[in-house]
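What follows is the residue order along each chain.
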Amino acid sequence: MLRSLLVFLIVLSLAGCGEETDVARDVSTLNRGLSAAPESLDPQLARSVPALTVLADVYEGLLTRDASGGLVAGVASDWRLSDDGLRYEFTIDRAARWSDGTPVTSADFVRAWQFLVNPSNGAFYGELLAPVTGFDEIRRGDSPVAALGVMAPTDDQLIVSLTVNQPDFLERVAMPALAPRAKTTDLFNGAYVVKSTDLSEIVLVQNGVHASLPDDAFATVRYQIFEQEQTELAAFESGDLDITSRVPRSLLRNPGKLESTLRRAPYLGIVYLNFNLREPLDVRLREALYLSVDRDALATQVVGRGEQPAWTMVPAGTRLGDTPYRRFQLDVAALGIDRRIQRARELVADMESMPVVQIDYASNDENRVVAAALQQMWQTALPGLEVKLNNQEFRVVLSQARAGEYPGLVRSSWIADYNDPQQFLELFRSGAPGNTSGFANPMFDTLLDRAAALRFPERRQQALNEAESLLHESFAAVPLYTMVSKHLVHEHVVGWEDNPLDLHLSRYLRHEAD
Amino acid sequence: MLRFVLSRLLSTIPTLFLVIVVAFAMVRAAPGGPFDSERALPPDIEARIAAAYGLDAPLHEQFVRYVGGLLQGDLGPSFRYQGTTVSELIAGALPVSLMVGGLALIIGVVLGVAVGTTAALNQNRWSDHVLMTVSMAGISIPNFVIAPLLVLLFAIKLQWLPASGLRSAGSLVLPVFALSLPMVAYIARLMRASMLEVLKSQFIRTARAQGLHPNTLVFRYALKPSLIPVVSFLGPAIAGVLTGSVVIEQVFNLPGLGRLFIQGALNRDYTLVMGLVILYSTVVIVMNLVVDLVYGILDPRVRYS
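Residues numbered from 1 in each chain as written. Chains lettered and ligands numbered in written order. Predicted model: local features only at pLDDT ≥ 70, side-chain atom pairs only at ≥ 80, totals over all residues.

**Q** Would you take a moment to explain the overall build of chain B for this structure?
**A** Of regular secondary structure, chain B possesses 12 helices and 0 strands. Ordering the α and β elements of chain B from the N terminus gives α-α-α-α-α-α-α-α-α-α-α-α. Taken over the C-alpha atoms alone, chain B extends approximately 85 × 60 × 30 Å along its principal axes. Across the 305 residues in chain B, those meeting the buried criterion constitute 34%. For chain B, contacts bridging at least 24 residues in sequence account for 74% of all contacts bridging at least 6. (Helix = DSSP H or I, 4+ residues; strand = E, 2+ residues; numbered from the N terminus. Buried ≥ 20, exposed ≤ 12 C-beta atoms within 10 Å, placed from the backbone. Contact = placed C-beta atoms within 7 Å.)

Dropping the structure here:
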């Protein structure tokens, strides 16, 4: 009797569990992973990758992104650039609506952009509007935000005045930071609206009034937040998650039966080492270190997930508007590692003594193996050299790098917000906030200024190549490899297109019909 | 008794103050700040944000301001999550930790006491050896080994239960089980030892000599005094379990206090870390007081003065 009761109870509990998993497999819900809780869902204030991912679903700028990351019309149905390249005129789509049904007007953009440049709001992406007239005066506090060169003469007309030709301006316009700002914060104009949010998940539902949401789009998008990549992987494997925000290194090495769900693609990001130029190592040694990194081995064997060796700071795949950017080419890249090591040894041959070189890096799996490989490569290539490794917590390394308080090199990385080579070169502008090497060269800065104002891709190409060459010759950094975006995407999700910005709006995804 | 409680509560004030001072100093001593990110802010903008959060003032002034806020029950704004206060974050996470921890605690106490008593009554028989071996394993295998194994088996291989999150009653099963396991094991061992000692004591021998039924003997007379070591263990254990298990909440991705604590520390969310430290120390102090009071119920010899 007792035994049969026990069996009955077990069967009952298993039946109950079966039901639960069915609910989780609801085909109208897309379950996406996020690597951290967004610090804010205010489009003008957010700055982290997880926040920008969610914002791309719930807000739409004048321009937006298609499934492959390309620029397409968003709230603006049309735009024109004046002949002198200093005045944009956007026409707002009359069908564009906030989630409460009220029309999106040009005044909503003026409100957003003025909020963004207002220094007291502390918006990170304020610099996106640096080419707009009045920006510098407002930032200095000399003018009110109303002096910003953006005007709304009618509800569907937005006029932007620029101080320079800014060839990447439309790319900037597609960033969430330049999305319109409603009068209240609970309104959205993207394909989805935020239904609920806490530190473990953000639930989005379709925005009923959005014009271009396809019929078979997911009704609900649930962003689940996983600080631990292994936990996220377990959720994917158990069927709770359709798309992960990243993939653990261990799985990439041996994906097994998850191989078919693995999506890797070149990513507009670069991993590099900054030299501390405030107390610089001998330039001959810097060049020798630059030369004697076996980038092929590093990219293909040490990290080995599809990364590409990097010789300069601008990754492959960058574009100047419609034309691909041709990167500055280096002769040494064509030399074999043996020849390069030979040249490196010649460079340091007449140095009196070899200093101790230290690499500082933030503790994580990838950084650890890369640092160990570099230590090995350098100590073998340059006899007598001692390479010390120093790993610390992410924010510790970051704050020391910012302050220039690291003795030798610091591991750094950078991911572009939009596709333009200047996104990477601006890191080395004198005194720029992200310039941890302390590189300062007025000629380099002038070249960047010139490039930023040149409309014709050919001329920009030339100026940027010159800047790249100048940067290379100073050996301020050792580019290592370009990044790869990594996700697991369940086979029943279709519409996912790999793209170099790693932007995947939920509106383009759908459940595969059986 | 009332005087005892009052004087104990008064003596917590300097303790808490000391905790606040030390925690404040340690949190601020960590390099890096809450607004650091790989995407650096222009320095003037960063200075404005710091000023908005009062971080531009000298440290001692910030401390005075913080304690001033505390006295009015204000734990301050989160430095990481814009427009969110620390009280809101804690209010969101506390029920999760309370539920998971509370369930684990109930299971731990009930099962632990039952197993310990059973083992004691069957001392040196095979059932005693089996139970004690299993509980030894329960104590020695850490949570961060058990929890992923449970996920692997029940969530990934068998797909019976969700691997993470907290959306259905089913998702409570694995974390509660993983959290209660070491507790069951520990309480069982404590209970067995103390039950054996009590069973050997004079008053039990007297009761037995008077011909009391063994069940009455155990449940009426031996159980209460045997619980004293368990209760002493439970004081800090309850505080630890209710304020969130860091490991369990990370592995099962539960939005509780433990996960908040880790993220707060990594993000240098000064006010959040401070708020959690204060909450945790308060719970520890209160639980220790409760334990002292429960002694009086369990053991008539205890007097409060």
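**Q** Would you mind going over the pairing of strand 8 (residues 192-197) of chain A with me for this structure?
**A** Along any regular strand the residues' side chains alternate between the sheet's two faces. As defined by bridge partners, strand 8 of chain A adjoins strand 9 (residues 201-206) of chain A across 5 bridges and the pair is classed as antiparallel. In the sheet register, tyrosine 192 of chain A faces strand 9 of chain A, and the bridge partner there is glutamine 206 of chain A. (Pairing = 2+ DSSP bridges.)

**Q** Sorry if this is basic, but what is going on with helix 10 (residues 337-349) of chain A here?
**A** Since the α-helix packs 3.6 residues into each turn, any two residues three or four apart lie on the same face. All names here are of chain A. The end-to-end C-alpha separation of helix 10 is 18 Å, in line with the 18 Å expected for 13 residues at 1.5 Å each. Looking only at helix 10, the buried set comprises Arg340, Ala344, Leu347 and Val348. For helix 10, the buried positions fall inside an angular range of 85 degrees around the axis, keeping them on one side. Those residues of helix 10 that are exposed and aimed more than 90 degrees away from the buried face are Asp338, Arg339, Glu346 and Ala349. (Expected span 1.5 Å × (residues − 1). Arc of directions from axis to C-beta.)

**Q** Sorry if this is basic, but what is going on with unusual backbone geometry here?
**A** Across residues other than glycine, the phi torsion is negative in most instances, and most of the peptide bonds are trans. All names here are of chain B. One non-glycine residue with positive phi stands out, namely glutamine 159, at about 55 degrees. Its location among the elements puts glutamine 159 in the loop between helix 6 (143-157) and helix 7 (170-199). When the 18 C-beta atoms within 10 Å are taken as the criterion, glutamine 159 is described as partly exposed. One non-glycine residue, asparagine 253, lies in the positive phi region at around 55 degrees.

**Q** Can you walk me through the interface of chain B and chain A in this structure?
**A** One frequently used descriptor of interface size is the decrease in accessible area upon assembly of the parts. Contacts between the two partners involve 38 residues from chain B and, on the opposite side, 38 residues from chain A. Among the elements of the structure, helix 2 (43-52), helix 6 and helix 10 (246-251) of chain B are those that each provide at least two residues to the side of chain B that touches chain A. The biggest single contributor to the side of chain B that touches chain A is helix 2 of chain B, with 6 residues. A class-by-class count of the residues in the side of chain B that touches chain A yields 18 nonpolar, 13 polar and 7 charged. (Nonpolar A, V, L, I, M, F, W, Y, C, P; charged D, E, K, R; others polar.)

**Q** Please explain the packing of helix 4 (residues 86-121) of chain B against helix 7 of chain B as it appears in this structure.
**A** Relative placement of two packed helices is described by the angle separating their axes and the distance separating the axes. Residue and element names in this part refer to chain B. Where helix 4 meets helix 7, the axes come as close as 6 Å, and the angle between the chain directions of the two elements is 35 degrees. In the packing of helix 4 onto helix 7, the handedness of the crossing is right-handed. When grouped by side-chain class, the residues that make up the contact of helix 4 with helix 7 number 23 nonpolar, 6 polar and 2 charged. (Axes fitted to C-alpha atoms, helices over the stretch in contact; angles between N-to-C directions. Left-handed = near helix turned anticlockwise from the far one by under 90°.)

**Q** What exactly am I supposed to notice about the confidence of the model for chain B here?
**A** Atom-level detail of predicted coordinates should not be read off regions where pLDDT is low. On average, residues of chain B carry a pLDDT of 88, and 99% of them reach 70 or more. Of the two predicted TM-score estimates for the complex, the pTM is 0.87 and the ipTM is 0.84. (pLDDT = per-residue confidence, 0-100.)

**Q** How do you make sense of helix 8 (residues 283-291) of chain A when you look at a structure like this?
**A** Residue and element names in this part refer to chain A. A large share of helix 8 lies buried, amounting to 7 of its 9 residues. Within the span of helix 8, buried status applies to Leu285, Arg286, Glu287, Ala288, Leu289, Tyr290 and Leu291. Contacts made by the buried residues of helix 8 are with strand 11 (262-275), helix 10, helix 11 (365-381) and strand 18 (477-488).

**Q** How do you make sense of the packing of helix 8 of chain A against helix 10 of chain A when you look at a structure like this?
**A** All names here are of chain A. With their axes 8 Å apart at the nearest point, helix 8 and helix 10 run at an angle of 170 degrees to one another. On the basis of their axis angle, the class for helix 8 and helix 10 is roughly antiparallel. The chirality of how helix 8 crosses helix 10 is left-handed. On helix 10, the residues that touch Arg284, Leu285, Glu287, Ala288 and Leu291 of helix 8 are Arg340, Arg343, Ala344, Leu347 and Val348. For the contact of helix 8 with helix 10, the class distribution of residues is 6 nonpolar, no polar and 4 charged. (Parallel < 35°, antiparallel > 145°, perpendicular 65-115°, else oblique.)

**Q** Looking at this structure, I do not really get the nonpolar core. What am I missing?
**A** Soluble, globular proteins show a tendency: their nonpolar side chains are buried together. One finds Val58, Trp113, Leu425 and Leu480 of chain A together with Ile187 of chain B to be the most contacted residues of the largest nonpolar core, which totals 204 residues. It is helix 7 of chain B that contributes the most residues to this core, 14 residues altogether. (Core = buried A, V, L, I, M, F, W, Y, C linked by C-beta atoms within 7 Å.)

**Q** It is not clear to me how the sheet that holds strand 17 (residues 409-415) of chain A should be interpreted in this structure. Could you clarify?
**A** The strands that make up a sheet are held in pairs by hydrogen bonds between backbone atoms, and each pair lies either parallel or antiparallel. Residue and element names in this part refer to chain A. Strand order in this open sheet of 6 strands is 12-18-11-17-15-16, and the pairing throughout is mixed. If you trace the sheet from one side to the other, it starts and ends with strand 12 (308-309) and strand 16 (386-392), each paired once. Pairing analysis gives 7 bridges linking strand 11 to strand 17, with the strands arranged antiparallel. When the bridges of strand 17 are listed, asparagine 274 appears paired with valine 410. The sheet strands contacting helix 11 are strand 15 (356-362), strand 16 and strand 17, and the helix crosses strand 16 at an angle near 170 degrees. Here helix 12 (residues 394-402) sits on the sheet in contact with strand 15, strand 16 and strand 17, set at roughly 125 degrees to strand 15.

**Q** Explanation requested: the pairing of strand 11 of chain A in the structure shown.
**A** Here strand 11 of chain A pairs with strand 18 of chain A via 10 bridges, running antiparallel. Paired with arginine 263 of chain A across the bridge in strand 18 of chain A is histidine 487 of chain A.

**Q** I would appreciate a short explanation of the sheet that holds strand 7 (residues 157-161) of chain A in the present structure.
**A** Residues and elements named next belong to chain A. What the 4 strands build is an open sheet, ordered 4-5-7-6; its pairing is antiparallel. Strand pairing shows two members of the sheet lacking a second neighbour, strand 4 (76-81) and strand 6 (150-154), which therefore form its edges. If you compare each strand with its neighbour and ignore which way they point, the axes differ by 20 degrees on average. Here strand 5 (residues 87-92) runs beside strand 7; their pairing, made up of 5 bridges, is antiparallel. When the bridges of strand 7 are listed, glutamate 89 appears paired with isoleucine 159. In the packing of helix 3 (residues 106-117) onto the sheet, the strands contacted are strand 5, strand 6 and strand 7, and the crossing angle to strand 6 comes to about 160 degrees.

**Q** Please clarify how the confidence of the model for chain A should be interpreted in this entry.
**A** Residues at a pLDDT of 70 or more form 95% of chain A, whose mean pLDDT is 90. In this model residues 1-24 of chain A is a low-confidence stretch, pLDDT under 50, and it forms 12 contacts with partners more than four residues away in sequence or in other chains.

**Q** It is not clear to me how the environment of serine 68 of chain A should be interpreted in this structure. Could you clarify?
**A** In this structure, serine 68 of chain A sits in the loop between strand 2 (63-65) and strand 3 (71-73). If near-sequence neighbours (up to four positions away) are discounted, serine 68 of chain A is found in contact with Glu497 and Asn499 of chain A.

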